[in-house]
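Listed here are the chains, written in short residue letters.
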Amino acid sequence: MGSGAATSSTANPRKQDPGSTMSYITPFVVGKVPELLQQPFEVSMPVGESLVVWRVYRDSDVMIHDHHTLADLNELEMVEFDVIIGMDWRSSCYAIVDCLKKDVHFNFPGEPVVEWKADVAVPKRKFISYLKAQKMITKGCLYHLVRV
C-alpha cells in the first residue's frame, strides 16, 4: 500500500486478506477526506463475504483516555462496527491485551501505564449503530442527539 491515486476505480484489487493486522473504519463516522490507495485490497468478512478497501484515512486521531495516538484507518463499508482496531495500531501503542480480564494496558515509552478496562456490565438499554440510526432518521423516525 502506498500513497497517491488509485489507477482506476474499476482496477482489480489484489487478492489479499490482511486479517486482523490492519485497522478499519466505516466511512459513515469519519469527518476527514480519505486518500486513495495505489493498491486496493480485498478483506474477507466473518459472515463470508469479501469487501474491497479503496481508501485510507492516514494519521487519524485515536484517543485512549487523555492520550492521543495516530492510526491509519482503512475505509471499509461495514454496518456491524464503526471501527476495528488491528494489531498495527495496538503494537504501535505497546498494547498488552488481557482477554480474560477484558482490559488493555498501553505501555508508552517513558510514560505511566495507561489502562483501559471494558465495562463488563450489560447495558440497560439497547444501543444501535450510527448506520442504523442514520437509516431510521432518513425514514422519518424521531431522534434525540445526546452527548455523554
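Predicted model, so just to flag it, every value in this text is computed and none were measured. (Residues numbered from 1 in each chain as written. Predicted model: local features only at pLDDT ≥ 70, side-chain atom pairs only at ≥ 80, totals over all residues. Heavy atoms only, no water.)

**Student:** So what exactly am I meant to see when it comes to the side chain of D103 here?
**Tutor:** By secondary structure assignment, the location of D103 is in strand β7 (residues 103-106). Notably, D103 is buried but unbridged: the nearest opposite-charge side chain belongs to K117, and the N-O separation is 4.3 Å. The contact partners of D103, leaving out residues within four places of it in the chain, are I96, V97, D98, E115, W116 and K117. (Helix = DSSP H or I, 4+ residues; strand = E, 2+ residues; numbered from the N terminus. Buried < 20%, exposed > 50% of the residue type's maximum accessible area, 1.4 Å probe, protein only. Lys, Arg positive; Asp, Glu negative; His and termini not counted. Salt bridge = Lys/Arg side-chain N within 4 Å of Asp/Glu carboxyl O. Contact = heavy atoms within 4.5 Å.)

**Student:** Honestly, the sheet that holds strand β4 (residues 67-75) in this entry has me stumped. Any pointers?
**Tutor:** Through backbone hydrogen bonds, the strands of a sheet pair up, either in parallel or in antiparallel fashion. The five strands are arranged β2-β3-β4-β1-β5 in an open sheet whose pairing can be described as mixed. Of all the strands in the sheet, the pair left with one neighbour each is β2 (35-44) and β5 (83-84). Pairing analysis gives three bridges linking strand β1 (residues 23-25) to β4, with the strands arranged parallel. Among the inter-strand pairings, I25 is bridged to a residue of β4, identified as E75. (Pairing = 2+ DSSP bridges.)

**Student:** For this particular structure, what's the right way to read the confidence of the model for the protein?
**Tutor:** For any part of a model where pLDDT is low, the fine detail of the predicted coordinates should not be relied upon. Taken as a whole, the protein shows an average pLDDT of 77; of its residues, 71% reach a score of 70 or greater. Across the protein, the secondary-structure element scoring lowest on mean pLDDT is helix α2 (residues 130-138), at 71, and the one scoring highest is β7, at 92. (pLDDT = per-residue confidence, 0-100.)

**Student:** Explanation requested: the environment of V33 in the structure shown.
**Tutor:** Position of V33 relative to the elements: it lies in the loop between β1 and β2. Under the relative-accessibility criterion, V33 is labelled exposed at 73%. For the pair formed by V33 and R55, sequence separation is 22 residues and the distance between their alpha carbons is 9.4 Å.

**Student:** Is there a simple way to explain the pattern of salt bridges in this structure?
**Tutor:** Tallied over the full model, the rule gives three salt bridges. The partner of E35 in a salt bridge is R58, with the nearest N and O atoms 3.2 Å apart. Residue E35 is found in strand β2, and its partner R58 is found in strand β3 (residues 50-64); the two are separated by 23 residues along the sequence. With relative accessibility at 25%, the residue R58 sits in the partly exposed group. Taking the shortest distance from any N to any O, the salt bridge between D72 and R58 comes out at 3.3 Å. With D72 in strand β4 and R58 in strand β3, the pair connects residues that are 14 residues apart, well separated along the chain. By relative accessible area, D72 is classed as partly exposed at 29%. Three or more residues joined by partner-sharing salt bridges are found here, namely E35, R58 and D72.

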